[in-house]
Amino acid sequence: MVVRNNLRVLMAKHKMNIQDVSDATGLSRKSISKLYHEESVQITFDVIARICKLFDCDVDDLLYLEKGEE
């Protein structure tokens, strides 16, 4: 299983771009970009909390497990 994220989907629903998310959360543009393109290898609880707060969502709205890949 692989952990994936729905950041791209959440951003589209809220009509936000990477810079908008960076500005609203205080996270670096590079960090948001890596998450958006699913290139991140780790994510801290603080980052998860900031993104969930911005989009008023739960962790399971942001992250999910994709079966079949190792």
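Heads up: these notes are all about the structure in this document. (Residues numbered from 1 in each chain as written. Predicted model: local features only at pLDDT ≥ 70, side-chain atom pairs only at ≥ 80, totals over all residues. Heavy atoms only, no water.)

With that out of the way, let us pick up helix α2 (residues 18-25). The set of residues buried in α2 consists of I18, V21, S22 and T25. The arc that holds the buried residues of α2, viewed along the axis, is 100°, so those residues lie on one side. Each element contacted by the buried residues of α2 is listed here: α1 (7-13), α3 (29-36) and α4 (45-55). Between the side-chain oxygen of the N-cap and the backbone nitrogen of Q19 there are 3.0 Å, and the N-cap of α2 in question is N17. Downstream of α2 by a residue or two, G26 has a phi angle that is positive, lying close to 80°. (Buried < 20%, exposed > 50% of the residue type's maximum accessible area, 1.4 Å probe, protein only. Helix = DSSP H or I, 4+ residues; strand = E, 2+ residues; numbered from the N terminus. Arc of directions from axis to C-beta. Contact = heavy atoms within 4.5 Å. Polar contact = N/O pair within 3.5 Å; in protein donor to acceptor, adjacent residues only side chain to side chain.)

Angle between the axes and distance between the axes are the two parameters that describe a pair of packed helices. Orientation of α2 relative to α4, taken along the N-to-C sense of each, is 105°, at an axis distance of 10 Å. By the angle between their directions, the pair α2 and α4 is classed as roughly perpendicular. Packed against α2, whose contacting residues are V21, A24 and T25, the element α4 presents R50, L54 and F55 at the interface. Across the contact of α2 with α4, the residue classes tally to 4 nonpolar, 1 polar and 1 charged. (Axes fitted to C-alpha atoms, helices over the stretch in contact; angles between N-to-C directions. Parallel < 35°, antiparallel > 145°, perpendicular 65-115°, else oblique. Nonpolar A, V, L, I, M, F, W, Y, C, P; charged D, E, K, R; others polar.)

Across the interface, α2 lies against α3 with an axial gap of 9 Å and an inter-helix angle of 125°. One finds that α2 runs oblique with respect to α3. Considering how the two elements wind past one another, α2 and α3 form a crossing that is right-handed. Only R29, I32, S33 and Y36 of α3 make contact with α2, whose side of the interface consists of I18, Q19, V21, S22 and T25. Residues of the contact of α2 with α3, tallied by class, amount to 4 nonpolar, 4 polar and 1 charged. (Left-handed = near helix turned anticlockwise from the far one by under 90°.)

Keep in mind these numbers describe shape, not what the thing actually does.
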